[in-house]
Amino acid sequence: MHDLLTKTQPLIEAVISLIVTSLLDTAHSTARTAAASLAFNLARLHYHTIMPNSTIQGNDSTTNAASAGGGLDNESATTLVAALVEGTARELDIAEADRSENALVGLVLAMALILYRAPLDCEVMEVCRAMELSGLVGRWAAERQRGKKDGGQKGRGIEGATRLLSDGLKGR
């Protein structure tokens, strides 16, 4: 598990390329949803490698994630977050009937995991500000509030995702 992300940089780059391509495919909501899920899992690995005392649950063991390395490198994190922001914007521009709420939740959670504890002056945060991420998240939250279509677990997941991302943007 040691240096997992740094030793697999070519694979990480290929995965990010796949995520970018799939998120930009406005014709196939299943591709966008799968890309959001893949991005979430990559972001989760990043988060667990930068957070001391966090663990990654495996099939047969639990590993201290801090020993896994230093997370995504700056270029990979910046590319991934830019794709996630663009994917969120495109998903919000799709007619509500064709929109994938699961993709939106995955995108927001993935961004939250990458941005949580990121320095406010880093390149990733600069990209978020330049692409007006907080406005996108606010727009999505306002649409969800007006619609109130979903309740229960899905509604709580959306609220949790926006709260996590908001905390990440504030540097908490």
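Since the model is a prediction, treat every value here as computed from it, not as a measurement. (Residues numbered from 1 in each chain as written. Predicted model: local features only at pLDDT ≥ 70, side-chain atom pairs only at ≥ 80, totals over all residues. Heavy atoms only, no water.)

(A) The arrangement of the overall build of the protein in detail. Scanning the protein from N- to C-terminus turns up eight helices and two strands. Every one of the 172 residues in the protein was classed for burial, and the buried ones make up 45%. For the protein, the accessible area works out to roughly 8800 Å², and carbon and sulfur atoms hold 52% of it. (Helix = DSSP H or I, 4+ residues; strand = E, 2+ residues; numbered from the N terminus. Buried < 20%, exposed > 50% of the residue type's maximum accessible area, 1.4 Å probe, protein only. Areas by Shrake-Rupley, 256 points an atom, 1.4 Å probe, with all protein chains shown as cover.)

(B) Focus on the nonpolar core. By size, the foremost hydrophobic cluster in this structure holds 43 residues, and its most contacted members are L42, L80, L84, L133 and L165. Of all the elements, helix α5 (residues 101-115) adds the most residues to this core, at 11 residues. (Core = buried A, V, L, I, M, F, W, Y, C linked by side-chain atoms within 4.5 Å.)

(C) Representation of the environment of S17 within the structure. Mapped onto the elements, S17 comes out in helix α2 (residues 9-23). Accessibility expressed as a relative area gives 42% for S17, which makes it partly exposed. Between the alpha carbons of S17 and T79 there is a distance of 9.1 Å; along the sequence they are 62 residues apart.

(D) Representation of the state of the cysteines in the model. Enumeration over the complete set of coordinates arrives at zero disulfides. Cysteine C128 is unpaired, with the sulfur of C122 as its nearest cysteine sulfur at 8.0 Å. (Disulfide = S-S within 2.5 Å.)

(E) Up close: helix α4 (residues 74-93). In this model α4 runs 29 Å from its N-terminal to its C-terminal C-alpha over 20 residues, within 8% of the 28 Å that 1.5 Å per residue would give. Among the residues of α4, the N-terminal cap falls to D73, whose side-chain oxygen and the backbone nitrogen of E75 are separated by 3.3 Å. (Expected span 1.5 Å × (residues − 1). Polar contact = N/O pair within 3.5 Å; in protein donor to acceptor, adjacent residues only side chain to side chain.)

(F) Structural detail: helix α3 (residues 29-50). The end-to-end C-alpha distance of α3, which contains 22 residues, comes to 31 Å, matching closely the 32 Å that a straight helix rising 1.5 Å per residue would cover. For α3, the set of buried residues is R32, A35, A36, A39, L42, A43, L45, H46, Y47, H48 and T49.

(G) Fine view of the side chain of R99. Considering the arrangement of structural elements, one finds R99 in the loop between α4 and α5. A relative accessible area of 12% places R99 in the buried class. Polar contacts involving the side chain of R99 include one to the main-chain carbonyl oxygen of L92, which spans 2.8 Å.

(H) Molecular detail of the pattern of salt bridges. Taken as a whole and judged by the stated rule, the model has three salt bridges. When the shortest N-O distance is used, the salt bridge between R90 and E86 registers 2.9 Å. With a gap of four residues between them, R90 and E86 both fall in helix α4, about one helical turn apart. We classify E86 as partly exposed; its relative accessible area is 29%. (Salt bridge = Lys/Arg side-chain N within 4 Å of Asp/Glu carboxyl O.)

(I) Broad picture of the packing of α4 against α5. For the pair α4 and α5, interaxial distance at closest approach is 10 Å and the crossing angle is 150 degrees. On the basis of the axis angle, α4 is roughly antiparallel to α5. Crossing hand, α4 versus α5: left-handed. The residues of α5 that touch α4, namely those facing A77, L80, V81, L84, V85, G87, T88, E91 and L92, are A103, L104, L107, A110, M111 and I114. Grouping the constituent residues of the contact of α4 with α5 by class yields 12 nonpolar, two polar and one charged. (Axes fitted to C-alpha atoms, helices over the stretch in contact; angles between N-to-C directions. Parallel < 35°, antiparallel > 145°, perpendicular 65-115°, else oblique. Left-handed = near helix turned anticlockwise from the far one by under 90°. Contact = heavy atoms within 4.5 Å. Nonpolar A, V, L, I, M, F, W, Y, C, P; charged D, E, K, R; others polar.)

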